[in-house]
Amino acid sequence: MTRLLRWETVLIGLCVVVLGYGTIGVDGFGEAAHISFLLLDYTEVALLAFALLPIVLTGQIDLSVASVLGFCSALTGKLWDGGMSFETIVPIVLVAGVVLGAVNAVLIVRFGLPALAVTIGTLGLYRGLAYVVLGDGAVTGFPENYRPLATDAIAGTFVPYVTVLVVLVGVAMAVLVHQSTVGRALYAIGLGEQTARFSGVRVRPIMMSLYLLSGVLAALASLVYTLRYNSARADNANGLELVAVAAVLLGGVSIFGGRGTVLGVAAALLAMAGLRNVLFLGDVSDEIQNVITGALLIISVLVPVAVAAVTRRKARSHLRRTDEVPLR
Amino acid sequence: MRTLPAGREMTIVAALAVVVVVTGIVHPSFVSGQGLHDLFLNASIIALLAVGQTLLVITRNIDLSVGSVMGLTAYLSGQLFLADQNTPTILVLAAGIGLGAVCGAINGALVAIAKVPALVVTLGTLYVFRGINHAWASSTDVQQVNAYQMSPDFLSFGSGSVLGIPNLSLIALAVLAVVAYSLHGYRAGRELYAIGSNPDAARLAGIPMGRRVFGAFVISGALVGLGGATHAAYFGTINASVGTGRELAVVAAVVVGGVAIFGGSGTVVGAVLGALLLTTITSALPVLGVPAFWQRAVDGAALLLAISADRAVLVRMAARLRARQHSIRSGR
Amino acid sequence: MARRLSANGAALLFISHRLEEMYALCQRVTVLRDGALVTSAPLADIDHDTLVRSMVGRSVEQLFPKRDTEPGAVALTVDGLSRRGVFADVSFTVRAGEIVGLAGLVGSGRSEVARAVFGVDERDAGTVTLGGKPLVAGNPRAAIAAGLAMVPEDRREQGLILELSIERNATLPRLSDVSRWGLVRRARERALAGRWAERLGVKLRRLTDPVATLSGGNQQKVVIGKWLATEPTVLIVDEPTRGIDIGAKVEVHALLSELAAAGLAVLMISSELAEVLGMADRVVVMHEGRVTAELSRAEASEEAVLRAATGNGGVR
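*Asks:* Tell me about the overall build of chain B, and please be specific about residues and values.
*Replies:* What chain B contains, in helices and strands, is 13 helices and four strands. For chain B, the C-alpha radius of gyration of 21 Å lies close to 20 Å, the compact-globule estimate for 332 residues. Its C-alpha atoms give chain B principal-axis dimensions of roughly 80 × 55 × 35 Å. For chain B, the residues scored as buried account for 50% of the 332 residues in total. Residue pairs in contact within chain B that sit at least 24 positions apart in sequence constitute 80% of those at least 6 positions apart.

Quick look at the structure:
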């Protein structure tokens, strides 16, 4: 536990450094408009990252999230273009997200297929279906009364409306993962699935619901994305799954499962968004940002390994000697 | 374990045959000499990547940075020609292999020595290498290198053929033969399977895991580097986005080819066949009148089908084993 | 194999705490306790009790304290349980207050039967009745709710989550009971874990320490406590004292006796013959997936059990 807290502290430190440097050193960073922009920029990534968190905690993964977003966006565009009212589109799109998540759930949990391979498959399948639905073009002209919800900040503040959504989702996820019985089950499954099963934890239903939840959150993210950019395209959010995974891993969540916090992921998202905007304002190219993101990702997994090695050396002298006689 | 891969390879060949025959009926030029020539050519580059990726997946690792490494080495090829348009082809290829090996070594060092999960590391290097690629392009202000800037020798190498077989396919086949033999004929190769099958047992058996995994990353990197250089030779146009997104196509090819994502089983022959199958389907779709839109969906569906089929076979094998045990018991 | 190796001149270092094995196989014995050398001598010069005393550090009156009890009503009925390729037509009963030993060689299917009864594994045929009510197949959660608990064979992979804290391990099957409206009440969680750790005498530093820091014997106590906390009417224990020292072993046996005396129905799977003979009121013997004998405490001799376990005994 203490090891984790240390990484979260590093992350928060990183946030402070980035945001501090931004405010002081970069012109315009501290302005309300730019803070809004900063928060808006990573809205969809944040939703996808929160969707991924519980799945990664159980030792699985879902690389299809951005493709679900893409499909839902394409579906939104197709239906809107066909004249359907936006109010009707929203629930349809959310249901589509659930269905796509259910496909993952059945293949991975019910049939026991490896999550990495399956979600690489559905990543392609869903993105492909997005093209089938909408083709190469784009649909624009989404309702004027809803668009500001996705692009604007609450009057008089720098807080965008959608940031409130992200915070709500984040808080709900935090309660689920850290306070609820389901959350306890997640960590148990991630660290010892067999024992969890033997202890009466309902492993399968829980894991299936996580994929359904991921689908819904991706669908939600697609609505935000489509409104924010006022554009529905089959290639929307192409590649965004890697950014979301990077945020989750950078947030200290172990790819093997059983370790990680919502706070860590939130801090990572903030740090990444801040960094991106500092560099953007400093006229540094996208590419350097990518290099830094990648480097941070690698560092994020190197640090626990280094810390563990040091801890193990210390613990060996403190560890209570076992009176268990080893069987050979 | 032999029966499963052999069966899988036959299934892929059968599927290939079906696709080719069906498409050939609709559009006979698909199966003409030129058509088949193009099929093999298209698959050659990704086949190289697939061979390398197989080495890694066998050991329970993965390399998501292959697209970025490929882009980097393709770009290097372009830069070499800008420096000297008559750079010998062999030098360009060697440079690509070298740079690819260096990138592979970086990945390998992080995974094998620091014992950091490959998925995360290569996700990180995916970003870092791509970023370096773009940064290089920006700093030299070379966003694109075109065919006319390269040596004609290089380009004819890329699109040329020997006895009707494309040069690139010959290279791919040669690499396939060497790697396939090494995996079974050399102890180091067989140890890769052991590492992926049961890492703890492998360690206890004294297999130098760090060295083997590192080696696998270097070799895979070198092959990716070769892939990037040959991509430049074939396409003739290079920019800093070459290879973006290839990593998922490579993993798909490898899985379709029967290499278990959990490691420990699968063959490079299968992986190359998987790559060939997926590329063929991609080429066949427009010929069959299926809009190109369906391409990615079909690829994804093929991958899902492949892993489901694998699992079905495994389940049936397990049931048969249990039934045999039972009959032994009740026969007593 | 060991004898063959030593006959060929190899020197063998045989590490065990099974006394019968040592006496049967070895010539010299060296005893270590708490990291220090206690004694080293030819086995011919050390008798059983002295050896035990040097291993445990205190004199052990009786290894298997078993109280005689009057068995009550039938608590668990297993009838015609089958799983293709694993076991067939397994039937037995366990009554409240009795300890039924399930004996047999390794691989005879006992743990598989237990897992099928508890529900972590599927069953192809047969019924399980708990307290008069039939138990659904393949649902451990339902089994726990009905009053069945199982201390599994593999402590480290099935009984505990090593990296998790002691308290979280101890309360895992009872998450809903230490929470309200789906949210875990930490205080209740800690109290429940603490209560059982104390009751079973688990030697620990903090409840929040990972359970991996405990010794084998203490880990086993945590597992047992975890399952006793579900307040079962029937308890299955699979190899309850495997891999733990003699001191903890005695404690576990005393605990099982005490629980049986208080009315718990216990099904004990063990590969250690002495343990089965010492603890069980009745012994059910399995061989290659089938029940080959059911012996009362009086009938259960080493010879009878071994004969049934190797398939030479007549079918019931």
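*Asks:* Now, about the overall build of chain A: what can you tell me, with residues and values included?
*Replies:* Looking only at helices and strands, one finds 14 helices and two strands in chain A. Scaling as 2.2 N^0.38, a compact globule of 328 residues should have a C-alpha radius of gyration of about 20 Å, and chain A matches this with 21 Å. Referenced to the eigenvectors of the C-alpha coordinate spread, the extents of chain A come out at roughly 75 × 50 × 30 Å. Going through the 328 residues of chain A one by one, you find that 53% of them count as buried.

*Asks:* Tell me about the pairing of strand β4 (residues 87-95) of chain C, residues and numbers included.
*Replies:* Relative to β4(C), strand β3 (residues 74-83) of chain C runs antiparallel, the two sharing six bridges. Among the inter-strand pairings, C:L81 is bridged to a residue of β4(C), identified as C:V90.

*Asks:* Got a sec to walk through the confidence of the model for chain A? Specific residues and values, please.
*Replies:* On average, residues of chain A score 87 in pLDDT, and 92% of them reach the 70 mark or higher. Segment residues 322-328 of chain A is flagged for pLDDT under 50; beyond a separation of four residues in sequence, or across chains, it makes 17 contacts in the model.

*Asks:* Provide a residue-level description of the environment of A:A295, including the pertinent values.
*Replies:* Its location among the elements puts A:A295 in helix α14 (residues 286-318). A:A295 gets classed as partly exposed once you count the C-beta atoms within 10 Å, which come to 15.

*Asks:* Tell me about the packing of helix α4 (residues 65-81) of chain A against helix α12 (residues 240-250) of chain A, and please be specific about residues and values.
*Replies:* Residue and element names in this part refer to chain A. The interhelical angle for the contact between α4 and α12, taken along N-to-C directions, is 135°, at an axis separation of 7 Å. One element, α4, and the other, α12, form an angle in the oblique class. You can see that α4 and α12 cross each other, and the crossing is right-handed. Each of V65, A66 and L69 in α4 lies in contact with α12, whose residues at this interface are L240, E241 and A244. Residues of the contact of α4 with α12, tallied by class, amount to five nonpolar, no polar and one charged.

*Asks:* Could you give an account of the packing of helix α3 (residues 66-83) of chain B against helix α4 (residues 89-113) of chain B, naming the residues involved and the relevant values?
*Replies:* Residue and element names in this part refer to chain B. Contact geometry of α3 with α4 gives a least axis separation of 9 Å together with a crossing angle of 145°. The crossing of α3 and α4 is right-handed. Between α3 and α4, the contacting residues are V69, L72, T73, L76, S77 and L80 on the first element and V92, A95, G96, L99, G100 and C103 on the second. Considering only residue class, the contact of α3 with α4 consists of eight nonpolar, four polar and no charged.

*Asks:* Before we move on, can you summarise unusual backbone geometry with the specific residues and values?
*Replies:* Working note: non-glycine residues mostly have negative phi, and peptide bonds are mostly trans. Phi at B:D141 is positive, roughly 55°, even though this residue is not glycine. Positionally, B:D141 belongs in the loop between α5 (118-140) and β1 (144-145).

*Asks:* Outline the nonpolar core, supporting the account with residue identities and numerical values.
*Replies:* Of all hydrophobic cores here, the largest spans 302 residues; its most connected members are A:L48, A:A49, A:L53, A:A247 and A:L269. No other element matches the 15 residues that helix α2 (residues 33-58) of chain B contributes to this core. In this view, A:L269 contacts A:Y42, A:V45, A:A46, A:A49 and A:A247; residues no more than four positions away in its chain are not counted.

*Asks:* A description of the sheet that holds strand β7 (residues 133-134) of chain C should follow, citing residues and the corresponding values.
*Replies:* Residues and elements named next belong to chain C. The four strands are arranged β4-β3-β6-β7 in an open sheet whose pairing can be described as antiparallel. In the strand order of this sheet, the two ends are held by β4 and β7, each with one partner. Sheet topology places β3 next to strand β6 (residues 125-130); five bridges connect them, and they run antiparallel. By the bridge assignment, T77 is partnered in β6 with T129. Across the face of the sheet, helix α4 (residues 110-118) comes into contact with β3, β4 and β6 while running at roughly 110° to β3.

*Asks:* Quick rundown of helix α2 (residues 32-41) of chain A? Include the residues and the values.
*Replies:* Along α2(A), the residues classified as buried are A:H34, A:I35, A:L38, A:L39 and A:L40. Contacts made by the buried residues of α2(A) are with α3 (43-57), α8 (161-179) and α13 (262-281) of chain A.

*Asks:* Any details on the sheet that holds strand β14 (residues 290-296) of chain C? Residues and values, ideally.
*Replies:* Residue and element names in this part refer to chain C. Read from one edge of the open sheet, six strands run β8-β11-β12-β5-β13-β14, paired in mixed fashion. Either end of the sheet is taken by a strand with one partner, and the two such strands are β8 (148-151) and β14. The sheet shows a mean angle of 20° between the axes of neighbouring strands, direction not considered. Pairing between strand β11 (residues 234-238) and strand β12 (residues 265-269): five bridges, direction parallel. Pairing of V234 across the sheet is with A265, part of β12. Most of the contacts of helix α9 (residues 216-228) go to β8, to which it runs at about 175°, and overall it touches β8 and β11.

*Asks:* Could you give an account of helix α8 (residues 186-199) of chain C, naming the residues involved and the relevant values?
*Replies:* Residue and element names in this part refer to chain C. A rise of 1.5 Å per residue sets the reference length of α8, with its 14 residues, at 20 Å; its end C-alpha atoms lie 20 Å apart and thus fit the reference within 8%. Along α8, the residues classified as buried are E189, L192, A193, W196 and A197. Summarising the axial view, the buried residues of α8 lie within an arc of 125°, below the 170-degree limit, and thus occupy one face. Among the exposed residues of α8, those oriented more than 90 degrees off its buried face are A187 and E198. Those residues of α8 hidden inside the fold are in contact with α7 (166-171), β10 (183-184) and α9.

*Asks:* Pulling in residues and values, what's your account of the pairing of strand β2 (residues 36-42) of chain C?
*Replies:* Residues and elements named next belong to chain C. With respect to burial, β2 is a largely exposed element, only zero of its seven residues being buried. Judged from the six bridges that link them, strand β1 (residues 28-33) and β2 form a sheet pairing that is antiparallel. Along β2, the bridge assignment pairs L32 with L37.

The rules we used
Residues numbered from 1 in each chain as written. Chains lettered and ligands numbered in written order. Predicted model: local features only at pLDDT ≥ 70, side-chain atom pairs only at ≥ 80, totals over all residues. Helix = DSSP H or I, 4+ residues; strand = E, 2+ residues; numbered from the N terminus. Rg over C-alpha atoms; globule rule 2.2 N^0.38 Å. Buried ≥ 20, exposed ≤ 12 C-beta atoms within 10 Å, placed from the backbone. Contact = placed C-beta atoms within 7 Å. Pairing = 2+ DSSP bridges. pLDDT = per-residue confidence, 0-100. Axes fitted to C-alpha atoms, helices over the stretch in contact; angles between N-to-C directions. Parallel < 35°, antiparallel > 145°, perpendicular 65-115°, else oblique. Left-handed = near helix turned anticlockwise from the far one by under 90°. Nonpolar A, V, L, I, M, F, W, Y, C, P; charged D, E, K, R; others polar. Core = buried A, V, L, I, M, F, W, Y, C linked by C-beta atoms within 7 Å. Expected span 1.5 Å × (residues − 1). Arc of directions from axis to C-beta.

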